[in-house]
Amino acid sequence: MNQNIALLDHPLIQHKLTLLRDKQTGSKEFREMVSEIAMLMCYEATRDLPLKEVDIETPVALAKAKVISGKKLAFVPILRAGLGMVEGVLQMVPAAKVGHIGLYRDPESLHPVDYYVKLPEDVREREVILLDPMLATGGSAVEAIHVLKRQGVQHIKFMCIIAAPEGMKTLTDAHPDVPVFCAALDNHLNEHGYIVPGLGDAGDRLFGTK
Ligand SMILES: O=P(O)(O)OC[C@H]1O[C@H](OP(=O)(O)OP(=O)(O)O)[C@H](O)[C@@H]1O
Ligand SMILES: O=c1cc[nH]c(=O)[nH]1
Ligand SMILES: [Mg+2]
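Please read all numbers here as calculations on a predicted model, not as lab measurements.

Student: I would appreciate a short explanation of the UniProt feature "binding site: uracil" (unreviewed entry) in the chain in the present structure.
Tutor: Per the UniProt record, the feature "binding site: uracil" (unreviewed entry) sits at Ile 195, Gly 200, Asp 201 and Ala 202. Residues that both appear in the annotated list above and line the largest pocket are Ile 195, Gly 200, Asp 201 and Ala 202. If you trace the backbone, Ile 195 turns up in strand E13 (residues 195-196). Since its relative accessible area comes to 7%, Ile 195 is described here as buried. Among all residues touching Ile 195, those that are not within four sequence positions of it are Met 134, Leu 135, Ala 136, Ile 162, Ala 163, Ala 164, Asp 186, His 188 and Leu 189. Note on placement: Ala 202 falls in helix H6 (residues 202-207). Classification of Ala 202 by relative accessible area gives buried; the value is 5%. Excluding its chain neighbours within four sequence positions, the residues that come into contact with Ala 202 are Phe 30, Ala 81, Pro 133 and Met 134.

Here is the structure:
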């Protein structure tokens, strides 16, 4: 597999993903699982954050200890479904800022349509982790990364829960500098652009809109 792609198939993630995929799982549990998976994935996606040494005093002795240094983080969910991942990642990095990119996929052309962008003012000085549970054709992720790059963001990671091989190729061809973290690489896209086996429409299942 491309060295820029990390498949995060930890047993806890796989177990929760099975619950997500199950069509019997209702919105409440679906939301909880998306959030918990995002939290576990965030642990891996932030593994390379730089550390620096500081001097502290424990109740017992002076000590040298490590804190995160360097670039600060921003999480940017792609609306709507990416919103489901925000709570989980913020549990890992509560000080991160959160931007939003609104895109929906036109059901006929499957092309992404932009409708909202609001990013932290200092976003170009931050590392951005872009969040969307589904990478299908790749159109939405490719477009969202263009939006971030046009704002001057230089360090971007993309985190999704399920990817289709077609979308993974499109994304890594268009943005080879962006590391991708996913929990599962599924089989293919069907004629409607849905991931097979996938989990259906992530936004609708999160928000109960269908
Ligand atoms: O890789 P792609 O082919 O672009 O498809 C993936 C996109 O489709 C879904 O969003 P959708 O358009 O359903 O919008 P929603 O999140 O508002 O439901 C999903 O959350 C991704 O953003
Ligand atoms: O399978 C898919 C494809 C795109 N968007 C979804 O929510 N699910
Ligand atoms: Mg949707």
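Having seen it, we continue.
Student: So what exactly am I meant to see when it comes to the pattern of salt bridges here?
Tutor: Should the charged atoms of two oppositely charged side chains come close, the side chains can pair. Enumeration over the complete set of coordinates arrives at 14 salt bridges. For Asp 122, the salt bridge identified is with Lys 97, shortest N-O distance 3.9 Å. Of this pair, Asp 122 sits in the loop between strand E7 (112-118) and strand E8 (126-131) while Lys 97 is found in strand E5 (residues 97-98), placing the two residues 25 residues apart along the sequence. Across the pair Asp 122 and Arg 126 runs a salt bridge, and its minimum N-O distance is 3.1 Å. Using a relative accessible area of 21% as the deciding quantity, one classes Asp 122 as partly exposed. With a relative accessible area of 9%, Arg 126 lands in the buried category. Three or more residues joined by partner-sharing salt bridges are found here, namely Asp 48, Glu 127 and Lys 157.

Student: Please clarify how the site of ligand 1 should be interpreted in this entry.
Tutor: Around ligand 1, 15 residues are found, and the nearest of them are Arg 105, Asp 132, Thr 137, Gly 138 and Ser 140. Residue Ala 136 places a main-chain N or O atom 2.9 Å away from an oxygen atom belonging to ligand 1. Between Thr 137 and ligand 1, the recorded distance is 2.6 Å, taken from a side-chain N or O atom to an oxygen atom. Taken by itself ligand 1 offers 490 Å² of open surface, and the protein chains cover 91% of this. Secondary-structure elements contributing two or more residues to the shell around ligand 1 are strand E6 (100-105), strand E9 (134-135) and helix H4 (139-150).

Quick notes on the rules
- Residues numbered from 1 in each chain as written.
- Chains lettered and ligands numbered in written order.
- Predicted model: local features only at pLDDT ≥ 70, side-chain atom pairs only at ≥ 80, totals over all residues.
- Heavy atoms only, no water.
- UniProt positions renumbered as here; feature names shortened; annotations may be inferred.
- 1 Å grid on protein atoms, 1.4 Å probe; cavity = no way out; pocket = protein on both sides within 12 Å on 5 of 7 lines; lining within 4 Å.
- Helix = DSSP H or I, 4+ residues; strand = E, 2+ residues; numbered from the N terminus.
- Buried < 20%, exposed > 50% of the residue type's maximum accessible area, 1.4 Å probe, protein only.
- Contact = heavy atoms within 4.5 Å.
- Salt bridge = Lys/Arg side-chain N within 4 Å of Asp/Glu carboxyl O.
- Near = heavy atom within 4 Å.
- Polar contact = N/O pair within 3.5 Å; in protein donor to acceptor, adjacent residues only side chain to side chain.
- Areas by Shrake-Rupley, 256 points an atom, 1.4 Å probe, with all protein chains shown as cover.

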